[in-house]
Amino acid sequence: MGSAQLQSIHVHPVKAFRGQAPREAVVEPWGLAGDRRWVLVDDGGKVVTQREQPRLALAAAELLPGGGVRLSAPGMDTLTVPVPRPDVSVPVNVFRDKVEAVPAESDAAHAWCSEYLGAELRLIHMADPATCRPVDPEFALPGETVSFADGYPLLLTSAASLDALNSLIAQGDHAAEGPLPMNRFRPNVVVSGTAAWAEDHWSRLSIGDVVFRVAKMSGRCVVTTTDQSTTDRGREPLRTLGRHRRLGGKLVFGQNLVPLSPGTIRVGDPVTVLE
(Lines give C-alpha, C1' and ligand atoms only; values in the text may rest on other atoms or scores of the structure.)
Protein backbone atom coordinates (compact mmCIF):
# COMPACT_ATOMS: atom_id res chain seq x y z
CA MET A 1 0.00 0.00 0.00
CA GLY A 2 3.02 2.27 0.28
CA SER A 3 2.89 3.16 -3.44
CA ALA A 4 -0.77 4.18 -3.49
CA GLN A 5 -1.35 7.71 -4.70
CA LEU A 6 -4.02 10.10 -5.90
CA GLN A 7 -4.28 9.56 -9.65
CA SER A 8 -6.92 12.18 -10.47
CA ILE A 9 -9.39 14.67 -8.99
CA HIS A 10 -12.85 15.38 -10.40
CA VAL A 11 -15.12 18.32 -9.59
CA HIS A 12 -18.65 18.60 -10.99
CA PRO A 13 -19.82 22.19 -10.45
CA VAL A 14 -23.34 21.38 -11.67
CA LYS A 15 -24.73 18.03 -10.62
CA ALA A 16 -25.03 15.61 -13.59
CA PHE A 17 -23.05 17.89 -15.96
CA ARG A 18 -19.61 16.98 -17.23
CA GLY A 19 -17.00 18.00 -14.68
CA GLN A 20 -13.42 19.19 -14.52
CA ALA A 21 -10.17 17.43 -13.57
CA PRO A 22 -8.05 19.95 -11.64
CA ARG A 23 -4.57 19.14 -10.38
CA GLU A 24 -5.57 20.13 -6.85
CA ALA A 25 -8.73 20.86 -4.87
CA VAL A 26 -9.65 22.30 -1.50
CA VAL A 27 -11.45 19.83 0.76
CA GLU A 28 -14.37 21.35 2.66
CA PRO A 29 -16.46 19.50 5.28
CA TRP A 30 -19.19 18.80 2.68
CA GLY A 31 -16.90 17.86 -0.23
CA LEU A 32 -14.47 19.35 -2.72
CA ALA A 33 -14.77 23.11 -3.09
CA GLY A 34 -17.27 23.89 -5.85
CA ASP A 35 -18.43 20.31 -6.30
CA ARG A 36 -22.17 19.91 -6.98
CA ARG A 37 -23.16 23.25 -5.52
CA TRP A 38 -25.47 23.81 -8.51
CA VAL A 39 -28.31 21.60 -9.69
CA LEU A 40 -31.24 21.55 -12.11
CA VAL A 41 -34.78 21.15 -10.75
CA ASP A 42 -38.08 20.56 -12.51
CA ASP A 43 -41.26 22.59 -12.00
CA GLY A 44 -42.04 20.51 -8.90
CA GLY A 45 -38.68 21.27 -7.28
CA LYS A 46 -37.28 17.79 -7.87
CA VAL A 47 -33.61 17.42 -8.76
CA VAL A 48 -32.98 16.37 -12.37
CA THR A 49 -30.02 14.08 -13.11
CA GLN A 50 -28.73 11.83 -15.89
CA ARG A 51 -31.14 9.20 -14.62
CA GLU A 52 -33.95 11.12 -16.33
CA GLN A 53 -31.92 13.23 -18.76
CA PRO A 54 -28.87 11.39 -20.16
CA ARG A 55 -28.12 14.39 -22.44
CA LEU A 56 -26.78 16.13 -19.35
CA ALA A 57 -23.62 14.08 -19.94
CA LEU A 58 -22.84 16.29 -22.93
CA ALA A 59 -23.31 19.58 -21.05
CA ALA A 60 -20.23 21.01 -19.35
CA ALA A 61 -19.88 23.33 -16.37
CA GLU A 62 -16.69 25.25 -15.69
CA LEU A 63 -16.23 26.54 -12.14
CA LEU A 64 -15.38 30.25 -12.03
CA PRO A 65 -13.69 32.27 -9.25
CA GLY A 66 -16.26 33.02 -6.59
CA GLY A 67 -18.36 29.95 -7.35
CA GLY A 68 -20.16 30.95 -10.54
CA VAL A 69 -20.27 28.64 -13.54
CA ARG A 70 -19.81 28.83 -17.29
CA LEU A 71 -22.21 26.48 -19.08
CA SER A 72 -21.72 24.93 -22.52
CA ALA A 73 -23.50 22.22 -24.48
CA PRO A 74 -23.90 21.05 -28.09
CA GLY A 75 -25.94 23.54 -30.10
CA MET A 76 -26.00 26.12 -27.29
CA ASP A 77 -24.20 29.42 -26.80
CA THR A 78 -21.90 29.51 -23.80
CA LEU A 79 -23.52 31.15 -20.75
CA THR A 80 -21.89 32.55 -17.62
CA VAL A 81 -23.96 32.37 -14.44
CA PRO A 82 -22.83 34.21 -11.28
CA VAL A 83 -23.59 33.04 -7.75
CA PRO A 84 -26.99 34.47 -6.80
CA ARG A 85 -27.55 36.61 -3.72
CA PRO A 86 -29.23 34.48 -1.03
CA ASP A 87 -32.27 36.77 -0.86
CA VAL A 88 -34.83 34.27 -2.08
CA SER A 89 -34.79 30.52 -1.49
CA VAL A 90 -36.95 27.73 -2.84
CA PRO A 91 -37.49 24.15 -1.65
CA VAL A 92 -35.52 21.50 -3.53
CA ASN A 93 -36.20 17.76 -3.30
CA VAL A 94 -32.95 15.78 -3.38
CA PHE A 95 -34.10 12.16 -3.22
CA ARG A 96 -35.45 11.82 0.34
CA ASP A 97 -34.25 15.26 1.49
CA LYS A 98 -35.90 18.65 1.16
CA VAL A 99 -33.52 21.60 1.39
CA GLU A 100 -33.67 25.33 0.75
CA ALA A 101 -31.53 26.66 -2.11
CA VAL A 102 -31.28 29.79 -4.22
CA PRO A 103 -32.37 30.13 -7.88
CA ALA A 104 -30.02 31.74 -10.39
CA GLU A 105 -30.93 35.41 -10.61
CA SER A 106 -30.93 35.58 -14.40
CA ASP A 107 -33.88 34.14 -16.30
CA ALA A 108 -31.36 33.38 -19.05
CA ALA A 109 -29.89 30.57 -16.95
CA HIS A 110 -33.25 28.85 -16.54
CA ALA A 111 -34.09 29.39 -20.21
CA TRP A 112 -30.72 27.96 -21.32
CA CYS A 113 -31.18 24.75 -19.34
CA SER A 114 -34.83 24.40 -20.38
CA GLU A 115 -34.04 24.88 -24.06
CA TYR A 116 -31.18 22.39 -24.02
CA LEU A 117 -33.19 19.60 -22.41
CA GLY A 118 -36.63 20.46 -23.80
CA ALA A 119 -38.25 20.69 -20.36
CA GLU A 120 -39.17 23.43 -17.92
CA LEU A 121 -36.16 23.60 -15.58
CA ARG A 122 -34.47 25.98 -13.16
CA LEU A 123 -30.81 26.26 -12.20
CA ILE A 124 -30.39 26.34 -8.40
CA HIS A 125 -27.41 27.09 -6.14
CA MET A 126 -26.76 25.76 -2.63
CA ALA A 127 -25.67 28.81 -0.67
CA ASP A 128 -24.49 27.09 2.51
CA PRO A 129 -23.99 23.31 2.59
CA ALA A 130 -23.12 23.56 6.30
CA THR A 131 -26.80 24.08 7.11
CA CYS A 132 -28.64 22.68 4.11
CA ARG A 133 -28.44 18.92 3.91
CA PRO A 134 -27.40 16.24 6.42
CA VAL A 135 -25.61 13.06 5.43
CA ASP A 136 -27.79 9.94 5.72
CA PRO A 137 -28.11 9.56 9.51
CA GLU A 138 -27.70 5.78 9.26
CA PHE A 139 -24.09 6.31 8.14
CA ALA A 140 -23.31 9.79 9.48
CA LEU A 141 -21.65 11.31 12.49
CA PRO A 142 -23.42 14.28 14.12
CA GLY A 143 -23.23 17.47 12.08
CA GLU A 144 -21.98 15.96 8.81
CA THR A 145 -23.44 17.65 5.73
CA VAL A 146 -23.28 17.27 1.97
CA SER A 147 -23.88 19.42 -1.11
CA PHE A 148 -26.13 18.25 -3.97
CA ALA A 149 -24.06 15.05 -4.34
CA ASP A 150 -26.16 11.89 -4.19
CA GLY A 151 -25.45 11.24 -0.53
CA TYR A 152 -21.88 11.81 0.67
CA PRO A 153 -19.19 14.50 0.38
CA LEU A 154 -16.77 12.51 -1.82
CA LEU A 155 -16.74 9.35 -3.90
CA LEU A 156 -13.50 7.40 -4.18
CA THR A 157 -12.77 4.77 -6.82
CA SER A 158 -9.60 2.86 -7.66
CA ALA A 159 -7.92 2.24 -11.00
CA ALA A 160 -7.19 -1.39 -10.07
CA SER A 161 -10.83 -2.10 -9.28
CA LEU A 162 -11.91 -0.68 -12.63
CA ASP A 163 -9.36 -2.91 -14.36
CA ALA A 164 -10.76 -5.91 -12.47
CA LEU A 165 -14.32 -4.96 -13.34
CA ASN A 166 -13.41 -4.56 -17.01
CA SER A 167 -11.82 -8.03 -16.96
CA LEU A 168 -15.09 -9.45 -15.64
CA ILE A 169 -17.08 -7.57 -18.28
CA ALA A 170 -14.81 -9.02 -20.98
CA GLN A 171 -15.79 -12.50 -19.84
CA GLY A 172 -19.54 -11.80 -19.84
CA ASP A 173 -22.48 -11.67 -22.24
CA HIS A 174 -21.93 -8.01 -23.12
CA ALA A 175 -18.16 -7.99 -23.56
CA ALA A 176 -18.45 -5.66 -26.55
CA GLU A 177 -19.55 -2.85 -24.23
CA GLY A 178 -16.19 -2.86 -22.44
CA PRO A 179 -13.76 -1.73 -21.40
CA LEU A 180 -15.55 1.09 -19.59
CA PRO A 181 -13.83 4.37 -18.66
CA MET A 182 -13.82 5.70 -15.11
CA ASN A 183 -16.11 8.61 -16.01
CA ARG A 184 -19.06 6.18 -15.97
CA PHE A 185 -18.77 6.25 -12.17
CA ARG A 186 -18.39 10.04 -11.76
CA PRO A 187 -15.91 9.87 -8.84
CA ASN A 188 -14.28 12.78 -7.02
CA VAL A 189 -10.97 11.02 -6.38
CA VAL A 190 -9.34 8.10 -8.19
CA VAL A 191 -6.58 6.17 -6.46
CA SER A 192 -3.83 4.14 -8.16
CA GLY A 193 -1.27 1.70 -6.81
CA THR A 194 -3.66 -0.49 -4.80
CA ALA A 195 -4.85 -4.05 -5.23
CA ALA A 196 -8.25 -4.53 -6.88
CA TRP A 197 -11.11 -4.07 -4.40
CA ALA A 198 -8.68 -3.10 -1.61
CA GLU A 199 -10.93 -0.12 -0.81
CA ASP A 200 -13.65 -2.54 0.33
CA HIS A 201 -11.75 -2.95 3.59
CA TRP A 202 -10.82 0.63 4.40
CA SER A 203 -12.45 2.58 7.22
CA ARG A 204 -10.12 5.60 7.49
CA LEU A 205 -7.48 6.97 5.13
CA SER A 206 -5.47 10.05 4.32
CA ILE A 207 -4.81 11.71 0.98
CA GLY A 208 -1.80 13.90 1.53
CA ASP A 209 -2.49 15.59 4.86
CA VAL A 210 -6.28 15.33 4.67
CA VAL A 211 -7.98 12.55 6.64
CA PHE A 212 -11.24 10.91 5.59
CA ARG A 213 -13.51 8.30 7.08
CA VAL A 214 -15.19 5.73 4.85
CA ALA A 215 -18.96 5.95 5.33
CA LYS A 216 -20.18 3.11 3.10
CA MET A 217 -19.76 1.43 -0.27
CA SER A 218 -21.34 3.25 -3.18
CA GLY A 219 -24.49 1.70 -4.61
CA ARG A 220 -24.60 2.19 -8.37
CA CYS A 221 -27.51 3.18 -10.63
CA VAL A 222 -28.45 3.43 -14.31
CA VAL A 223 -26.16 6.44 -14.82
CA THR A 224 -23.20 4.04 -14.94
CA THR A 225 -24.68 2.46 -18.08
CA THR A 226 -24.66 5.84 -19.87
CA ASP A 227 -21.82 6.50 -22.31
CA GLN A 228 -20.67 9.97 -21.20
CA SER A 229 -19.55 10.84 -24.74
CA THR A 230 -22.66 9.73 -26.67
CA THR A 231 -25.46 9.32 -24.04
CA ASP A 232 -26.11 5.78 -25.36
CA ARG A 233 -27.10 3.27 -22.68
CA GLY A 234 -26.14 -0.38 -22.44
CA ARG A 235 -26.27 -3.19 -19.90
CA GLU A 236 -22.84 -2.73 -18.37
CA PRO A 237 -21.52 -2.33 -15.75
CA LEU A 238 -24.72 -3.13 -13.86
CA ARG A 239 -25.05 -6.61 -15.33
CA THR A 240 -21.55 -7.59 -14.20
CA LEU A 241 -21.82 -5.80 -10.87
CA GLY A 242 -25.03 -7.74 -10.27
CA ARG A 243 -23.14 -11.01 -10.70
CA HIS A 244 -19.99 -10.14 -8.76
CA ARG A 245 -20.48 -7.02 -6.63
CA ARG A 246 -23.86 -7.27 -4.92
CA LEU A 247 -24.04 -6.18 -1.28
CA GLY A 248 -27.24 -5.84 0.71
CA GLY A 249 -29.37 -5.49 -2.39
CA LYS A 250 -27.05 -2.85 -3.90
CA LEU A 251 -24.61 -3.14 -6.79
CA VAL A 252 -21.46 -1.56 -5.42
CA PHE A 253 -18.38 0.12 -6.84
CA GLY A 254 -16.29 2.67 -4.94
CA GLN A 255 -16.46 4.09 -1.45
CA ASN A 256 -18.22 7.15 -0.05
CA LEU A 257 -15.95 9.38 2.03
CA VAL A 258 -16.50 12.08 4.65
CA PRO A 259 -13.62 14.50 5.39
CA LEU A 260 -12.38 14.53 8.99
CA SER A 261 -10.00 17.43 8.45
CA PRO A 262 -9.76 20.35 6.01
CA GLY A 263 -6.93 20.89 3.58
CA THR A 264 -5.89 20.67 -0.04
CA ILE A 265 -5.38 17.47 -2.02
CA ARG A 266 -3.18 17.27 -5.09
CA VAL A 267 -2.68 14.74 -7.88
CA GLY A 268 0.26 12.54 -6.86
CA ASP A 269 -0.41 12.84 -3.12
CA PRO A 270 0.26 9.64 -1.19
CA VAL A 271 -2.79 7.69 -0.09
CA THR A 272 -2.37 5.99 3.28
CA VAL A 273 -4.82 3.55 4.87
CA LEU A 274 -5.06 4.42 8.57
CA GLU A 275 -7.67 1.83 9.57
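What comes next concerns the included structure. On a predicted model such as this, the values are computed, not experimentally measured, just so you know.

The next thing to look at is the pattern of salt bridges. Following the criterion strictly, the structure yields 14 salt bridges and no others. Between Asp 150 and Arg 51 there is a salt bridge, with the nearest N and O atoms lying 2.9 Å from each other. Residue Asp 150 is located in the loop between helix 2 (129-132) and strand 12 (154-158), and its partner Arg 51 is located in the loop between strand 5 (47-48) and strand 6 (60-63); the two are separated by 99 residues in the primary sequence. The class of Asp 150 is partly exposed, set by a relative accessible area of 39%. Among the residues examined, Arg 51 registers a relative accessible area of 26% and is labelled partly exposed. Members of the salt-bridge network, linked through shared partners, are Lys 15, Arg 51 and Asp 150.

On to the sheet that holds strand 3 (residues 31-32), then. Judged by pairing direction, the sheet is antiparallel, and its three strands sit side by side in the order 3-2-18 without closing on themselves. Both outer strands of the open sheet, strand 3 and strand 18 (263-266), are each paired with one neighbouring strand and no more. Two elements, strand 2 (residues 24-28) and strand 3, share two bridges in a ladder whose sense is antiparallel. Across the sheet, the residue bridging to Glu 28 is Gly 31, located in strand 3.

In this structure, Ser 192 sits in strand 13 (residues 189-192). Ser 192 gets classed as buried once you look at its relative accessible area, which sits at 14%. With near-sequence residues (within four places) excluded, Ser 192 lies in contact with Ser 3, Ala 4, Gln 5, Gln 7 and Ala 159.

Spatial strand order, 6-7-8: three strands in an open sheet with antiparallel pairing. Of all the strands in the sheet, just strand 6 and strand 8 (79-81) have a single pairing partner and so form its edges. The average angle at which neighbouring strand axes cross in this sheet is 25 degrees, direction not considered. Sheet topology places strand 6 next to strand 7 (residues 69-72); four bridges connect them, and they run antiparallel. Bridged to Leu 63 within strand 7 is Val 69. Against the sheet, helix 1 (residues 107-117) contacts strand 7 and strand 8, and its axis sits at roughly 130 degrees relative to strand 8.

Counting 23 residues, the largest nonpolar core has Val 14, Phe 17, Leu 40, Leu 71, Val 81, Trp 112 and Leu 123 as its most contacted members. Elements supplying a minimum of two residues to this core: strand 4 (38-41), strand 7, strand 8 and helix 1. In terms of residues, this core owes the most to one element, helix 1, which gives five residues. In contact with Leu 123, other than residues within four places in its own chain, are Val 14, Trp 38, Val 39, Leu 40, Leu 71, Val 81, Val 102, Pro 103, Ala 104, Ala 109, His 110 and Cys 113. Ranked by size, the runner-up nonpolar core spans 21 residues in total, among them Ala 4, Leu 6, Ile 9 and Leu 32.

Now for the packing of aromatic side chains. Taken as a whole, this structure holds three aromatic pairs when the rule is applied. One Lys or Arg, Lys 216, reaches over the ring of Phe 139 and ends 5.4 Å from the middle of that ring.

A word on helix 3 (residues 159-170). Here helix 3 contains 12 residues, and its C-alpha end-to-end distance of 17 Å stays within 8% of the 16 Å for a straight helix at 1.5 Å per residue. For helix 3, every residue scored as buried is listed here: Ala 159, Ala 160, Ser 161, Leu 162, Ala 164, Leu 165, Asn 166 and Ile 169. Residues of helix 3 that are buried make contact with strand 1 (5-9), strand 12, strand 13, helix 4 (238-244) and strand 17 (250-259).

Rules and cut-offs
Numbers given to residues run from 1 along each chain, matching the order in which its sequence is written. Whole-chain, interface and lining totals are the exception, using all residues; otherwise, since this is a predicted model, local features are given only for residues with pLDDT of at least 70 and side-chain atom pairs are given and counted only at 80 or more. Think of the side-chain values as coming from all heavy atoms in the structure, minus any hydrogens and water. We define a salt bridge as a side-chain nitrogen of Lys or Arg found within 4 Å of a carboxyl oxygen belonging to Asp or Glu. Here a strand is any run of E in DSSP of at least two residues, a helix any run of H or I of at least four, and the numbering for each starts at the N terminus. Relative accessible area decides the class of each residue, using a 1.4 Å probe on protein chains only: under 20% of the type maximum gives buried, over 50% gives exposed, and in between gives partly exposed. Note on pairing: DSSP must find at least two bridges between two strands before they are called paired. Two residues qualify as a contact provided that any one of their heavy atoms is within 4.5 Å of a heavy atom in the partner residue. To get an axis, a line is fitted to the C-alpha atoms, and for a helix only the part in contact is used. The angle between two axes follows their N-to-C directions and goes from 0 to 180 degrees. As used here, the term nonpolar core means buried Ala, Val, Leu, Ile, Met, Phe, Trp, Tyr and Cys residues forming a set that is joined through side-chain atoms within 4.5 Å. Think of it this way: a Phe, Tyr or Trp ring, Trp meaning its six-membered ring, pairs with another when their centres are within 6.5 Å, and the plane angle makes it stacked under 30 degrees, edge-to-face over 60, tilted otherwise. Note on criteria: charge over ring means Lys NZ or Arg CZ within 6 Å of the ring centre, with the direction from the centre no more than 35 degrees off the ring normal. By this rule, a helix spans an expected 1.5 Å times one less than how many residues it contains.

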